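Single-letter residue listing:
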Amino acid sequence: MKFTIRFAEKRDVSAILGLIKMLAVYEKEPDAVIVTEADLLEYGFGKQPLFTCFVAEKEGEIVAIALIYLRFSTWKGQTVHLEDLIVKDEYRGEGLGTLLLDEVIKYGYSLGVKRICWEVLDWNEPAIKFYQSKGATLLKDWFLVQMDEKSIKNYIENI
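Residues numbered from 1 in each chain as written. Predicted model: local features only at pLDDT ≥ 70, side-chain atom pairs only at ≥ 80, totals over all residues. Heavy atoms only, no water.

S.K.: Would you explain the sheet that holds strand β5 (residues 115-117) in this entry?
M.R.: Hydrogen bonds between backbone groups are what pair the strands of a sheet, and the pairing can be parallel or antiparallel. Spatially, the five strands line up as an open sheet ordered β1-β2-β3-β4-β5, and their pairing is mixed. Each end of this open sheet is capped by a strand with a single partner; those strands are β1 (4-7) and β5. Between one strand axis and the next, the sheet turns through 25° on average, direction left out of account. With 10 bridges connecting them, strand β3 (residues 61-73) and strand β4 (residues 77-87) associate as antiparallel partners. When the bridges of β4 are listed, Leu70 appears paired with Val80. Where helix α1 (residues 13-26) meets the sheet, it contacts β2 (52-58), β3 and β4, and its direction lies at approximately 80° from that of β3. (Pairing = 2+ DSSP bridges. Helix = DSSP H or I, 4+ residues; strand = E, 2+ residues; numbered from the N terminus. Axes fitted to C-alpha atoms, helices over the stretch in contact; angles between N-to-C directions. Contact = heavy atoms within 4.5 Å.)

S.K.: Explanation requested: the packing of aromatic side chains in the structure shown.
M.R.: Centre distance and the angle of the planes are the two values used to describe a pair of aromatic rings. Scanning the entire structure with this criterion turns up eight aromatic pairs. Summarising the aromatic geometry, the rings of Phe45 and Phe51 are spaced 6.4 Å apart at their centres and angled 80° between planes, so their arrangement reads as edge-to-face. Given a relative accessible area of 12%, Phe51 falls into the buried group. Taken together, a centroid distance of 5.0 Å and an interplanar angle of 55° make the contact between Trp118 and Tyr131 tilted. Taken as a pair, Trp118 in the loop between β5 and α4 (125-133) and Tyr131 in helix α4 lie far apart in primary sequence, 13 residues in all. Taken together, the ring pairs connect Phe7, Phe54 and Tyr107 into an aromatic cluster. (Phe/Tyr/Trp six-rings, centres within 6.5 Å; stacked < 30°, edge-to-face > 60°. Buried < 20%, exposed > 50% of the residue type's maximum accessible area, 1.4 Å probe, protein only.)

S.K.: What am I meant to see in the side chain of Arg6 here?
M.R.: Along the polypeptide, Arg6 turns up in strand β1. Arg6 gets classed as buried once you look at its relative accessible area, which sits at 15%. Polar contacts involving the side chain of Arg6 include one to the side chain of Glu57, which spans 3.1 Å. (Polar contact = N/O pair within 3.5 Å; in protein donor to acceptor, adjacent residues only side chain to side chain.)

S.K.: Is there a simple way to explain the pairing of β4 in this structure?
M.R.: Buried residues dominate β4, accounting for eight of its 11 residues. Pairing geometry for β4 and β5, over three bridges, is parallel. What sits directly across from Thr79, in β5, is Arg115. For the segment spanning β4, helix α3 (residues 96-111) and β5, crossover handedness is right-handed. (Right-handed = clockwise from strand over helix to strand, strands pointing away.)

S.K.: I'm lost on α4 in this one. Help?
M.R.: Since the α-helix advances by 3.6 residues per turn, residues separated by three or four positions end up pointing in the same direction. Those residues of α4 that sit buried are Ala127, Ile128 and Tyr131. Down the axis of α4, the smallest arc covering the buried residues is 100°, so these residues share one side. Away from the buried face of α4 by more than 90 degrees, exposed residues Pro126, Lys129 and Ser133 are located. Each element contacted by the buried residues of α4 is listed here: β4. Of the residues trailing α4, Gly135 is marked for its positive phi of about 95°. (Arc of directions from axis to C-beta.)

S.K.: I tried to follow the environment of Ala32 on my own but got confused; where do I start?
M.R.: Within the secondary structure, Ala32 sits in the loop between α1 and α2 (37-45). Ala32 sits 20 residues away from Asp12 along the chain, and the two C-alpha atoms are 21 Å apart.

S.K.: Even after reading the chapter, I still don't get the nonpolar core, so can you show me in this structure?
M.R.: Soluble globular proteins tend to bury their nonpolar side chains together. In this structure, Ala66, Leu82, Leu85, Leu96, Leu100 and Val104 are the most contacted members of the largest nonpolar core, which totals 19 residues. Looking at this core, the elements with two or more residues in it are β2, β3, β4, α3 and α4. When sequence neighbours within four positions are dropped, the list of residues in contact with Ala66 reads Thr52, Cys53, Phe54, Leu82, Asp84, Leu85, Leu100 and Val104. (Core = buried A, V, L, I, M, F, W, Y, C linked by side-chain atoms within 4.5 Å.)

Here you go:
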């Protein structure tokens, strides 16, 4: 099966958002996605893009994405963060995850980054096995820490 991997373009935002929503359903949070096509256009393709996205196409249909952005590590320097690697269910097991991860790693290498990082849910065994098979290390002694919009507002109100 022939796939084409390329950088996402403005015309791809609808398909990208569709895959993001598909992932939310898979991760048991179907109503959690609030990002819009307009957000993706502005933050991915506007004056100061905040992310880069690779898409995988088959016969003109976008069937997978890898969305990344640059971060800075106080210990390592410039870092690539892989926010999501999403493959449509019917195309899993055909090597698309590897093709996209290859592009992310090559992109990070071309930038000279010192680290590429991402998160994976502890119950997502297929993804965990996939990443470990690629030589990634799972840092089991770290917790992911977040503040949602409500927590941010509460924090500000109590400063």
